[in-house]
Amino acid sequence: MNLTDTHCHLNLKTYQDDLPAVLNRARANGIKRILVPALDLKSSREILDLADTHEFLYAAVGVHPNSAATWNSKSFEELNSLAAHPKVVAIGEIGLDYYRDRAPRNSQVELLKEQLQIALNKKLPVILHVRNKTDQDRSCIEDLIKVLEDWTDSGKSLPQELSSRPGVIHSFSGNVEESRLALDLDFFIGITGAVTFKKAETLREVVQKAPLTKLLVETDGPFITPHPFRGKRNEPAHVRYIVDKISEITDHPQVSIADQTTANAACLFQWE
């Protein structure tokens, strides 16, 4: 199959001892491209070095909301400069996290807005993190949608290059109505191994009702390992289990899901 992993943190220490083997398994399982997102400026620089070393790796640079305390007066220009690297295809992983609350919510929102401005400057899509405080408290995704609505302004504020591909809400954990709000803004929906979990009925409903042309598959490795490998380190080779589950949910052949999600990734990230 022709597969793409659109989100894997290959720069983390958990891959340090066997990265060549991890990448070989990825290729052996049909993975043609892997996108490695950053969590802060330090990891952004590390990921660029990694992407320069491996042809089929691409980079997203940005500061995660849980790293908001690292942002200072010089950070905007540094990230703007890093985003000019030819292997950078997105700004990310950026967004809001009300689960860990490692930074004040207003600080997270301001950090997100500054990085959305860099995305506009560079005409790059964004990779968005969102995590609610609880299943009942939906304020995090609600605040994110409000920011995105202002940013896109129904497509009027975005340059033509981004109007149909502003970004992806990665590791989507919202409900069907929230997915529709994101899709109405032309965002893609990132599906992880969580879709294979026994209690993930809401996510499977999102997959069932979303257009296949707006779905991406991602491991979010080393996290969210799919069944039957739960409890072990996740890696790009496991993306095929996500494809298999989407195939089961939508009643489309695995190869069709693989081809479509790979085409979706190419549309969003505009890699060659």
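Everything below is about the structure shown above.
Residues numbered from 1 in each chain as written. Predicted model: local features only at pLDDT ≥ 70, side-chain atom pairs only at ≥ 80, totals over all residues. Heavy atoms only, no water.

Here Thr261 is to be found in helix 9 (residues 254-269). According to the relative accessible area criterion, Thr261 is buried, its value standing at 5%. One polar contact links the side chain of Thr261 to the main-chain carbonyl oxygen of Ile257, over a distance of 2.8 Å. If sequence neighbours within four positions are ignored, Thr261 has contacts with Leu215, Leu216 and Val217. (Helix = DSSP H or I, 4+ residues; strand = E, 2+ residues; numbered from the N terminus. Buried < 20%, exposed > 50% of the residue type's maximum accessible area, 1.4 Å probe, protein only. Polar contact = N/O pair within 3.5 Å; in protein donor to acceptor, adjacent residues only side chain to side chain. Contact = heavy atoms within 4.5 Å.)

The eight strands lie next to each other as 1-2-3-4-5-6-7-8, forming an open sheet whose pairing is parallel. In this open sheet, the two edge strands, each paired with only one partner strand, are strand 1 (3-5) and strand 8 (215-217). Pairs of neighbouring strands in the sheet enclose a mean axial angle of 25°, with direction left out of account. Judged from the five bridges that link them, strand 4 (residues 88-97) and strand 5 (residues 126-131) form a sheet pairing that is parallel. Bridged to Ile91 within strand 5 is Val126. (Pairing = 2+ DSSP bridges. Axes fitted to C-alpha atoms, helices over the stretch in contact; angles between N-to-C directions.)

Take the nonpolar core next. Residues Leu10, Ile34, Ile91, Val126, Leu128, Trp151 and Ile191 are the most contacted members of the largest nonpolar core, which totals 80 residues. Among residues more than four places away in sequence, those in contact with Trp151 are Leu116, Ala119, Leu120, Val126, Ser157, Leu158, Pro166 and Phe187. (Core = buried A, V, L, I, M, F, W, Y, C linked by side-chain atoms within 4.5 Å.)

So, on to the packing of helix 4 (residues 105-122) against helix 5 (residues 139-152). Helix packing geometry: the angle between the two helix axes and the distance between the axes. Relative to each other, helix 4 and helix 5 sit at 35°, their axes nearing to 11 Å. Between helix 4 and helix 5 lies a crossing of right-handed hand. Taking contact as the criterion, the partners of Arg105, Val109, Leu112, Lys113, Leu116, Ala119 and Leu120 in helix 4 are, on helix 5, Ser139, Leu144, Val147 and Trp151. By residue class, the composition of the contact of helix 4 with helix 5 is eight nonpolar, one polar and two charged. (Left-handed = near helix turned anticlockwise from the far one by under 90°. Nonpolar A, V, L, I, M, F, W, Y, C, P; charged D, E, K, R; others polar.)

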